[in-house]
Amino acid sequence: MPTLIVLRHAKAVAGLGMADIDRPLNDRGRRDAAATGDWLRDNTLTPDRVLCSTAVRTRETLQGLALDAEVSFEAQIYDNDPETLLSLIRENGDSASRLLLVGHNPSVHQLIFDLTGSAPDAFPTCALAVIEVEPTWSDIRPGAGTLLQHRTPKGN
């Protein structure tokens, strides 16, 4: 069965005086992204394909993960709508056995709940959830997933 990894971007600067979409990662965010990439590799969860928001902080998070995967930057992820995320997953899962979505709260947290019927109480920056999806990407819908694992930079 396919595996979806949902990742909230790492910690960004406050962004006073700049557009929200242009906010880069802060030092902690860069460290957390690198540690998350190491964790994915150590747990044999490297994705085949990545869907990433076009915001600077999501792109820098993805860069910090240092993954070798096909990437599609999707402006719609920044719109922060769980239904849009589901549509993008349906359209872009293709033959990937593991798909990583790098996005924003509250939509990524809601997506986890919608797919699995459960979600961690909080989903801080650089938190991730590993979800087994039944049966295929094109059939993904609310309730069609099982939350296998949840990780935060501070250790759940």
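Residues numbered from 1 in each chain as written. Predicted model: local features only at pLDDT ≥ 70, side-chain atom pairs only at ≥ 80, totals over all residues. Heavy atoms only, no water.

S.K.: How should I be thinking about the environment of H109 in this particular structure?
M.R.: Within the secondary structure, H109 sits in helix α4 (residues 107-116). Judged by relative accessible area, H109 falls into the buried class, the value being 19%. Ignoring any residue separated from it by four or fewer positions in sequence, one finds H109 in contact with A119, P120, D121, A122 and F123. Among the polar contacts listed, one links the side chain of H109 to the backbone oxygen of P120, at a separation of 2.6 Å. (Helix = DSSP H or I, 4+ residues; strand = E, 2+ residues; numbered from the N terminus. Buried < 20%, exposed > 50% of the residue type's maximum accessible area, 1.4 Å probe, protein only. Contact = heavy atoms within 4.5 Å. Polar contact = N/O pair within 3.5 Å; in protein donor to acceptor, adjacent residues only side chain to side chain.)

S.K.: Can you walk me through the environment of L45 in this structure?
M.R.: Here L45 is to be found in the loop between α1 (27-42) and β2 (49-52). Given a relative accessible area of 10%, L45 falls into the buried group. Along the sequence, L45 and T61 sit 16 residues apart, while their C-alpha atoms lie 17 Å from each other. Setting aside its immediate chain neighbours within four residues, L45 contacts I5, W39, L40, R98, V130 and Q149.

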